[in-house]
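Architecture at a glance
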Amino acid sequence: MLITPALVYFVVFLLYPAGAALYYSFTDWNLRSPAEWVGLQNYSDLLFEDVKFPHFWKSVQVTIQYTLIAVPLTLITALGQALLINAIRRGSNLFRLLLFLPVVTAEAAVGAIWRWLYDPQYGLINAIIGLFGIPKQNWLNTPELVIPALAFIAAWQCGISMIIYLAGLKGIPDSIREASIIDGAGPVQRFWKVVVPMLRPTTFYLVVTGVIAALQVFGLVYVIFSGGGGRSVTGGPEQSGLMYVLHLYLFAFRYDAMGAACAMSFLLFLLIMIVTALQFKFIKQEAA
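Residues numbered from 1 in each chain as written. Predicted model: local features only at pLDDT ≥ 70, side-chain atom pairs only at ≥ 80, totals over all residues. Heavy atoms only, no water.

Before going further, it helps to spend a moment on the layout of surface pockets. As a volume, the largest pocket reaches approximately 610 Å³. What lines the largest pocket is a set of 24 residues, among which Thr74, Ala154, Gln157, Ala213 and Ala214 lie closest to the centre. Looking at the lining of the largest pocket, the elements with two or more residues in it are helix H3 (56-87), helix H8 (159-170) and helix H11 (200-215). If you tally residues by element for the lining of the largest pocket, the top one is H11, at six residues. Along the lines of polarity and charge, the residues of the lining of the largest pocket split into 16 nonpolar, seven polar and one charged. One number sums up the size of the second largest pocket: a volume of about 280 Å³. Along the walls of the second largest pocket sit Leu83, Asn86, Ala87, Leu169, Arg177, Ile181, Pro187, Arg190, Phe191, Val194 and Val195, which together make up its complete lining. Breaking the lining of the second largest pocket down by element, the ones donating at least two residues are H3, helix H9 (174-182) and helix H10 (187-198). Residue composition of the lining of the second largest pocket, by class: eight nonpolar, one polar and two charged. (1 Å grid on protein atoms, 1.4 Å probe; cavity = no way out; pocket = protein on both sides within 12 Å on 5 of 7 lines; lining within 4 Å. Points joined across faces, edges and corners; volume = space filled by probe spheres on them. Helix = DSSP H or I, 4+ residues; strand = E, 2+ residues; numbered from the N terminus. Nonpolar A, V, L, I, M, F, W, Y, C, P; charged D, E, K, R; others polar.)

In structure tokens form, the structure reads like this:
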């Protein structure tokens, strides 16, 4: 009886929608007419028919590129912030709050702010780099710059990773630090020989969760490239910002292919499972 509310929530809002999506992934359905069973046709068309469902593999490529850049950049930024806060004696709570604010800020507001920051004519970033003699860049309309620009936003929103790294730093025993100092280890040596190895479980957790989050990024990209109109979003110039979940959304609500969108969701599910399993296998081999 005590767990009934949780069970009802799980069945109604998680298990049933997942089961329904799995069923509709084997159908041709546009939300207006009854679903027609087509078997594995959606999966086959997505993987092998780029004409019927365009830019599927482009979205996979863009998402993987974003993940490979955003996850390491986010972890480096988060660890740097955690080290700085851990070294501050006064005001650490204030800086922790300020650095965590981007996480709780609405994605619509974040997207609007960064669209202005990346504005080629009046953006603050171009104004700053102009002080160093660097020409203005059209960040969100140059295919080569779109992924790094989006990854930089992800690193800016590293508050959760920073808090977890900070907890990991607090968990390193003072005796180990003191022993390394007595042995003559300098700050750089203590970082690489003490801090990094002791934070390995924390880093592994953040890599796994960071990769999963990066593969599912949607809201921020949608706001940045929507141009103020939901159905006008295309993922930037030459689809250079066409993330996988954004493309999934387009299949569902622009191409009237909800069945294919459901199939895309389960292909993403399989990809996440494979990537996560490989990460666990790698860390086990490294530990052995």
